[in-house]
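Examining the three-dimensional arrangement
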Amino acid sequence: MTFLRHLDLRQFRSHERLTLELDTAPVAIHGPNGAGKTNILEAISLLAPGRGLRGARADEIARRQGAIGWAIEARIERQGTRFLVETSCDLRAGGRRSTVLDGEAATQAALGAVVRGFWLTPAMDRLWIEGAAERRRFLDRLTLAFEPEHGPNSLGYEKAMRERNRLLKDGVNDPAWFGALERQMAEFAIEILRARARCVTRLSEAQARAKTLFPLAKIAIVDPEESTAPNTDFFADPQALQEVWKKTRSRDLAAGRTLIGPHRHDLSAIYAVKECAAAQCSTGEQKALLISLVLAAARALRQETGAPPLLLLDEVAAHLDQERRAALYDEICALEVQAWMTGTGAELFDALGTRARSIALDSQGRLS
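These numbers come from a predicted model, not from an experiment.

**Considering the overall build of the chain**
- What the chain contains, in helices and strands, is 10 helices and 14 strands.
- The C-alpha radius of gyration computed for the chain amounts to 22 Å, which stays within 12% of the reference 21 Å derived for 368 residues, consistent with globular compactness.
- Principal axes of the C-alpha set define a box for the chain whose edges measure 65 × 55 × 35 Å.
- For the chain, the proportion of its 368 residues judged to be buried stands at 54%.

**A look at the pairing of strand β13 (residues 339-343)**
- The buried count for β13 comes to five of five residues, which makes it a mostly enclosed element.
- Going residue by residue along β13, you find Ala339, Met341 and Gly343 tucked away on one face and Trp340 and Thr342 tucked away on the opposite face as well.
- Here strand β3 (residues 27-30) pairs with β13 via four bridges, running parallel. By the bridge assignment, Ile29 is partnered in β13 with Thr342.
- Bridge count between strand β12 (residues 310-313) and β13: three bridges; the pairing is parallel. Bridge pairing in β13 places Leu313 opposite Met341.
- Regarding the hand of the β-α-β motif, the stretch spanning β12, helix α10 (residues 322-335) and β13 is right-handed.

**Overview of the packing of helix α4 (residues 150-170) against helix α5 (residues 175-209)**
- Two elements in contact, α4 and α5, have axes separated by 8 Å at closest approach and are oriented at 145°. Judged by the twist between their axes, the crossing of α4 over α5 is left-handed.
- Split by residue class, the contact of α4 with α5 holds 14 nonpolar, five polar and six charged.

**A look at the sheet that holds strand β14 (residues 357-360)**
- Pairing within the open sheet is parallel, and its five strands lie in the order β8-β12-β13-β3-β14. If you trace the sheet from one side to the other, it starts and ends with β8 (117-120) and β14, each paired once. For this sheet, the mean inter-axis angle between neighbouring strands, taken without regard to orientation, is 15°.
- Note that β3 and β14 share four bridges and pair parallel. Looking at β14, one finds that Ile29 is bridged to Ile359.
- Packed onto the sheet, helix α9 (residues 283-305) meets β8 and β12 and runs at close to 170° relative to β8.

**Topic: the sheet that holds strand β4 (residues 69-78)**
- Across the sheet, six strands lie side by side as β2-β1-β4-β5-β6-β7; this open sheet has antiparallel pairing. Each end of this open sheet is capped by a strand with a single partner; those strands are β2 (15-21) and β7 (104-105).
- The pairing of strand β1 (residues 2-12) with β2 spans six bridges and is antiparallel. Each bridged residue has a counterpart across the sheet, and for Arg10 the counterpart in β2 is Arg17.
- Helix α1 (residues 37-45) rests against β1, β2 and β4 of the sheet, and its axis sits at about 115° to β1.

**Some points on the pattern of salt bridges**
- If you walk through the whole model with that rule in mind, you get 29 salt bridges.
- Ionic pairing is found between Arg5 and Glu77, a salt bridge with its closest N-O pair at 2.6 Å. Here Glu77 lies in strand β4 and Arg5 lies in strand β1, a separation of 72 residues in the sequence.
- Its relative accessible area of 29% is what places Arg5 among the partly exposed residues.
- Overall, the relative accessible area of 12% leaves Glu77 in the buried class.
- Here Glu163 and Arg166 are joined by a salt bridge, their closest N and O atoms 3.1 Å apart. On the criterion of helical spacing, the pair formed by Glu163 and Arg166 is a turn pair, its members being three residues apart in helix α4.
- Judged by its relative accessible area of 34%, Glu163 is partly exposed.

Thresholds applied
Residues numbered from 1 in each chain as written. Predicted model: local features only at pLDDT ≥ 70, side-chain atom pairs only at ≥ 80, totals over all residues. Heavy atoms only, no water. Helix = DSSP H or I, 4+ residues; strand = E, 2+ residues; numbered from the N terminus. Rg over C-alpha atoms; globule rule 2.2 N^0.38 Å. Buried < 20%, exposed > 50% of the residue type's maximum accessible area, 1.4 Å probe, protein only. Pairing = 2+ DSSP bridges. Right-handed = clockwise from strand over helix to strand, strands pointing away. Axes fitted to C-alpha atoms, helices over the stretch in contact; angles between N-to-C directions. Left-handed = near helix turned anticlockwise from the far one by under 90°. Nonpolar A, V, L, I, M, F, W, Y, C, P; charged D, E, K, R; others polar. Contact = heavy atoms within 4.5 Å. Salt bridge = Lys/Arg side-chain N within 4 Å of Asp/Glu carboxyl O.

Structural data, given as structure tokens:
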């Protein structure tokens, strides 16, 4: 399994200094609002590829105005091998984030080989009723845990698309220039589409095999151009996608942006038993669907790699009745996953009993 043995935060958000020594058990953090519970989860999320559960810039995270930066140190064990991950930001040196793995500068892909994680936050409770961008981000976060190269592919696509959009906004109509950018976009887009499709298949299969109190979510990637799954020709032939962009240049020039591609796709979900779209479900049902998908991802990753991910579940008990709350804790323990959960009161975690490490914070964010 994968778990944190040691976590040390310095000048991170509300925490001047916080040090935790841990074992493999799930972790239940409780304390009043403003105690810094979510900040601990955000720090852990920065040990995995990406910008963390808040998506914040590195220079936004320092504890207070005037601070020179922040630092996180974590000792991680993955399938019996131990790693030291250090990530930090020095505002005096331009505010860029640096990451070190076992004493050597590390790329995001290298981090993905050590730490893989999924998270849920209260802001995601509205996932099914908000815009497609948030659902794409959710799917890409899940995909990234299975395939760390999904991150560089997404960044490469975004970079090439920004250049194409700049040409569109400037009214430039140079076929050679557009063609070169569209070839780059297509190479990355094919990999993005394939990785997302594989992730959806993994989640669907993991849900189908599970015995759980959480509802089965029938999920699919949807192309808003057709309200259907993306054209399967794109998965096999990048030239087909290049041809689409070539044919739609005049429309894109009028709009000043690229209107077709994986950056426009959506993730749809249906509450399977009720055959009800997630957006039409109750708040509690929507939360249960999200939890179902995250648990399915954890099961699939464990089966595929032998090591379940870290789970970061912020205010996870919200909108769950007592039965579902107990079922969630049972599944977490059965998966042997180190889940980090937060809540305002210790009673929210009563059903865990002695199976979890309890961490209490006072109103100042200190261990109590």
